[in-house]
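# Summary of the model geometry
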Amino acid sequence: MSSLELVGVTVRYAETVAVRDVSMTAAPGEWLGVIGANGAGKSSLLRAAAHLVPFTGTVAVDGVSLGGLSRRRRAQLVAYVPQQPELPAGMSVLDYTLLGRTPHIAYFGVESAADRRQCRDLLDQLRLADLADRHLATLSGGELQRVVLARALAQDAPVLLLDEPTSALDLGRRVDALELVDELRRSRGLTVVSAMHDLTLAAQFADRLVLVSAGGVVAAGSPAEVLREDLLSTCFGARVRVLTDEDGSLLVVPHRSRSRTR
């Protein structure tokens, strides 16, 4: 298991500051959820952690700064699943998954039989074995989500970054996808950092939460410490209630700003 640490990370797009001096740590094997309103800086923060956008500050895995490493070595340590991945319509599920092995293949080399076996085993674990030869264009949203996850897992990186991993899925598929991530986190010893828009599911799956607003960290801690009505109402600009279910789970319920008229 590996830790991920961000120290003083700032991301600017021209004159706009998307992430402002953010410091946070995901402990080895932890699931850290990043929450916040649209435009709060969640995606930019994850893209900085993956070294996909210019930034100032430091991103380190197990205390080693990623800035001094080659792109290939960084990809061996951190895997990133974007909110809207590029999905070549004519590519097969197996070939797309094999792209995840690129950091482990020599320059001008090709994937080995061992790489193909590893990816087939991974597809089997994610219940995708029967779809290995299907083109991406023929898959459902839930199937595509698992395929994108398979490609990231094929990198064998100890840190997995997920940007809104369930945004395109219905409620049932959202839970299934997050259950799968949690199962893989535990079985493979992964450290997971994910941007999440469903606050109730974030409370159920993440060990800790970081609430960001206007590019900065507003609160960090356990779900019970972060999911407070006053904080959420201020950061999301909406009335919310935070309830506790009979099993102790937190439920975040939005309220209409005006009472319903009949």
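Please read these numbers as outputs of a predicted model, since none were measured by experiment. (Residues numbered from 1 in each chain as written. Predicted model: local features only at pLDDT ≥ 70, side-chain atom pairs only at ≥ 80, totals over all residues. Heavy atoms only, no water.)

### Topic: helix H9 (residues 229–236)
Within H9, burial applies to Leu231, Leu232 and Cys235. All buried residues of H9 project into a common sector of 95° when viewed along the axis, lining one side. Contacts made by the buried residues of H9 are with helix H7 (199–205), strand S9 (208–213), strand S10 (216–221), helix H8 (223–226), strand S11 (239–244) and strand S12 (250–255). Phi turns positive, to about 65°, at Gly237, one or two residues after H9. (Buried < 20%, exposed > 50% of the residue type's maximum accessible area, 1.4 Å probe, protein only. Helix = DSSP H or I, 4+ residues; strand = E, 2+ residues; numbered from the N terminus. Arc of directions from axis to C-beta. Contact = heavy atoms within 4.5 Å.)

### A look at the nonpolar core
Among the nonpolar cores identified, the biggest contains 53 residues, and Trp31, Ile35, Leu126, Leu149, Leu153, Leu160 and Leu227 are the most heavily contacted of them. With residues near it in sequence (within four places) discarded, Leu227 still touches Ile35, Leu199, Ala203, Leu209, Leu232, Val242, Leu250 and Val252. Counting residues in each nonpolar core, the second largest holds 29 residues, with Val11, Val19, Leu45 and Ala195 among its members. (Core = buried A, V, L, I, M, F, W, Y, C linked by side-chain atoms within 4.5 Å.)

### Remarks on the packing of helix H5 (residues 141–153) against helix H6 (residues 171–188)
Contact geometry of H5 with H6 gives a least axis separation of 12 Å together with a crossing angle of 20°. In this view, H5 runs roughly parallel relative to H6, as classed from their interaxial angle. By crossing handedness, the relation of H5 to H6 is classed as right-handed. Of H6, the residues touching H5 (which contributes Arg146, Leu149 and Leu153) are Leu180, Val181, Leu184 and Arg188. (Axes fitted to C-alpha atoms, helices over the stretch in contact; angles between N-to-C directions. Parallel < 35°, antiparallel > 145°, perpendicular 65-115°, else oblique. Left-handed = near helix turned anticlockwise from the far one by under 90°.)

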